[in-house]
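Chain by chain, the residues:
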Amino acid sequence: MTATDGAALLDEVEAFHRRFNVFPTEAAYVAVTLWDAHAHLMDALDGTARIAFLSPEPGSGKSRALEIIETLTPNAALTVNASANALFRLVESTPGLPTLLFDEIDTVFGPKAGGNEEVRGFLNSGYRRGAKSLRCVGDGSNQNAGFFPSFCAVAMAGLGSLPDTILTRSVIIRMRKRAPNEKVEPYRRRVHEKQGHALRDRLSKWAGTVRDTVAEAWPDMPEGVCDRPADVWEPLLAVADAAGGHWPTRARAACLELVNAAKDDDTSLGIRLLTDLRDKVFCGADRVPTAVILEMLLALDDAPWGDVDDKPLNSRMLSKLLGQYVTPANKPIKPRGIRTPSGFPKGYYAEDLTDAWTRYCPPPPEKSATSATSATPQVSRGESVADTATAIRHTPAETATQPTLAG
């Protein structure tokens, strides 16, 4: 089977998905097709991309996406819930590695699920070849330690979101309900499963012809894709390059689109806080009292601060979130005293936040060479906390001076 045949085969796999799945973007069809193919090449890859179908509401086609993937991938094992021990033993006992399809993943990691740290550990570790976890095996008091492999292809579907550590290892497909004009063919397992299996067997045969090529591949990444997103997309781009035709170009376009969408959609609460502090609160001030920070954050429209863990952001939460990051002196960011005529309230200093702003936040809307320490408004001798709050609130956005982000 030639490279041209590989491209045509991937076209057929994509067309099979289109019969039964409505994905939100063209990039999603490309990513899912490449993911199906990469599952047949696990023995040639150093890493695997998790793929996650997520939606805010039921009935968005997530489970159907897993059903179609099940017909197209090798050793597919569909589960709704499973213990970490069962998952480790499944990987160990399946010749050629299983393709694990995890439906209703929100029951594992949702707000009422309790975290499931062992399953999270399995999913976190198993995206790299050679990943193993240490477990106890045996009966009763006759227990011994043993290492169990966790490397396998994993597709997930669920409501809401997933832990950040899993999202960063995943291609994320944000599913949505079909519009009235979006039609799909009814899926009938006893008929269509055989058609999917026929494509699966052809994918397996094609994989055998490109296994060595994929194993030696170092695919070029689109500009700006690096670190963890590059790890996620490397196996998919290697498959696209092996298939040839229009797939290398489509794959890189899909990579850029989905990586950028993930950056926009899944900014952590900490990064959102840092960015709002820089762009909406400090706006060039060199220090701001905690009370003022909370007042301004809670007044922001379309911000999460009014409902953090089912209650408005308070000083304790603020301190905990910022304490995850460090000052330029590599010490946790903490509130410090701010001298005012009316007292000595706690607050935060821009000089403590600049390193975190530089490392974690997107570029500010406007940059200025003026430093935070020379910018206004500030809290200094002769100013009250109330005066500072008023000054900051009424600083025009277009004239506010941004702090210098010194590395």
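Before going into details, it helps to say that this report is about the structure given with it.

Definitions and cut-offs
- Residues numbered from 1 in each chain as written.
- Predicted model: local features only at pLDDT ≥ 70, side-chain atom pairs only at ≥ 80, totals over all residues.
- Heavy atoms only, no water.
- Pairing = 2+ DSSP bridges.
- Helix = DSSP H or I, 4+ residues; strand = E, 2+ residues; numbered from the N terminus.
- Axes fitted to C-alpha atoms, helices over the stretch in contact; angles between N-to-C directions.
- Parallel < 35°, antiparallel > 145°, perpendicular 65-115°, else oblique.
- Contact = heavy atoms within 4.5 Å.
- Nonpolar A, V, L, I, M, F, W, Y, C, P; charged D, E, K, R; others polar.
- Buried < 20%, exposed > 50% of the residue type's maximum accessible area, 1.4 Å probe, protein only.
- 1 Å grid on protein atoms, 1.4 Å probe; cavity = no way out; pocket = protein on both sides within 12 Å on 5 of 7 lines; lining within 4 Å.
- Points joined across faces, edges and corners; volume = space filled by probe spheres on them.
- Arc of directions from axis to C-beta.
- Polar contact = N/O pair within 3.5 Å; in protein donor to acceptor, adjacent residues only side chain to side chain.
- Core = buried A, V, L, I, M, F, W, Y, C linked by side-chain atoms within 4.5 Å.

1. Considerations on the sheet that holds strand 3 (residues 99-102)
The strands making up a sheet associate through hydrogen bonds between their backbones, and the pairing can be parallel or antiparallel.
Reasoning step 1: Taken in spatial order, the five strands make up an open sheet running 2-3-6-1-7, and their pairing is parallel. Two strands in the sheet have a free side with no partner beyond their single neighbour: strand 2 (76-79) and strand 7 (170-174). Going from strand to strand, the sheet's axes swing by 15° on average, the running direction of each strand aside.
Reasoning step 2: Pairing geometry for strand 3 and strand 6 (residues 153-159), over four bridges, is parallel. For L100, the partnering residue across the bridge sits in strand 6 and is V154.

2. Some remarks on the packing of helix 2 (residues 26-38) against helix 9 (residues 227-243)
Reasoning step 1: One can describe the packing of helix 2 onto helix 9 by two numbers: an axis separation of 9 Å at closest approach and a directional angle of 85°. Between helix 2 and helix 9, the interaxial angle falls into the category roughly perpendicular. Only W233, P235, L236, V239 and A240 of helix 9 make contact with helix 2, whose side of the interface consists of A31, L34, W35, A37 and H38.
Reasoning step 2: Its residues assigned to classes, the contact of helix 2 with helix 9 comprises nine nonpolar, one polar and no charged.

3. Structural notes on the pairing of strand 3
Reasoning step 1: Neither face of strand 3 is open: one carries T99 and L101, the other L100 and F102, and all of them are buried.
Reasoning step 2: Sheet topology note: the strand 2/strand 3 ladder contains four bridges and is parallel. Bridging from a neighbouring strand, T79 pairs with F102 of strand 3.

4. What about the environment of L353?
Reasoning step 1: Within the secondary structure layout, L353 lies in helix 14 (residues 350-360).
Reasoning step 2: The class for L353 is buried, based on a relative accessible area of 1%.
Reasoning step 3: Between the C-alpha atoms of L353 and V326, which are 27 residues apart in sequence, the distance is 7.7 Å.
Reasoning step 4: Other than its neighbours up to four places away in sequence, L353 contacts L274, F282, L322 and I333.

5. Re the sheet that holds strand 9 (residues 336-337)
Reasoning step 1: As summarised here, the arrangement of the three strands in space is 8-10-9, forming an open sheet in which the pairing is antiparallel. Edge positions in the open sheet fall to strand 8 (287-289) and strand 9, since each of these has one partner strand only.
Reasoning step 2: Note that strand 8 and strand 10 (residues 346-349) share three bridges and pair antiparallel. Bridging across to strand 10, P289 finds its partner in G347.
Reasoning step 3: Across the sheet, helix 12 (residues 290-298) touches strand 8 and strand 10, and the angle it forms with strand 8 is around 80°.
Reasoning step 4: Packing of helix 14 onto the sheet brings it into contact with strand 9 and strand 10, and relative to strand 10 it is tilted by some 50°.

6. Overview of the layout of surface pockets
Reasoning step 1: Of the voids in this model, the second largest pocket is the one considered here, and its volume is about 630 Å³.
Reasoning step 2: Taken together, 19 residues make up the lining of the second largest pocket; nearest its centre are T168, R228, P229, V259 and K263.
Reasoning step 3: Contributions of two or more residues to the lining of the second largest pocket are made by helix 7 (164-167), strand 7, helix 9 and helix 10 (247-265).
Reasoning step 4: Among the elements that line the lining of the second largest pocket, the one with the most residues is helix 9, at five residues.
Reasoning step 5: Split by residue class, the lining of the second largest pocket holds 10 nonpolar, four polar and five charged.

7. Some details on the environment of E351
Reasoning step 1: Relative to the elements of secondary structure, E351 occurs in helix 14.
Reasoning step 2: If sequence neighbours within four positions are ignored, E351 has contacts with P328 and R336.

8. What to know about helix 4 (residues 84-93)
Reasoning step 1: Among the residues of helix 4, those classed as buried are A84, L87, F88 and V91. Buried residues in helix 4, looked at end-on, bunch into an arc of 100°, giving them a common side.

9. Some thoughts on the pairing of strand 10
Reasoning step 1: In terms of strand pairing, strand 9 meets strand 10 through two bridges, oriented antiparallel. Of the residues in strand 10, the one forming a bridge with G337 is K346.

10. Focus: the side chain of T354
Reasoning step 1: Along the chain, the position of T354 falls in helix 14.
Reasoning step 2: By relative accessible area, T354 is classed as buried at 11%.
Reasoning step 3: Side-chain polar atoms of T354 contact the backbone oxygen of E351, separated by 3.3 Å.

11. Comments concerning the nonpolar core
Reasoning step 1: L34, F53, V171 and W233 are the most contacted members of the largest nonpolar core, which totals 61 residues.
Reasoning step 2: Per element, the largest residue contribution to this core is 10 residues, and it comes from helix 9.
Reasoning step 3: Among residues more than four places away in sequence, those in contact with L34 are L10, L236, V239, A240, W247 and A251.

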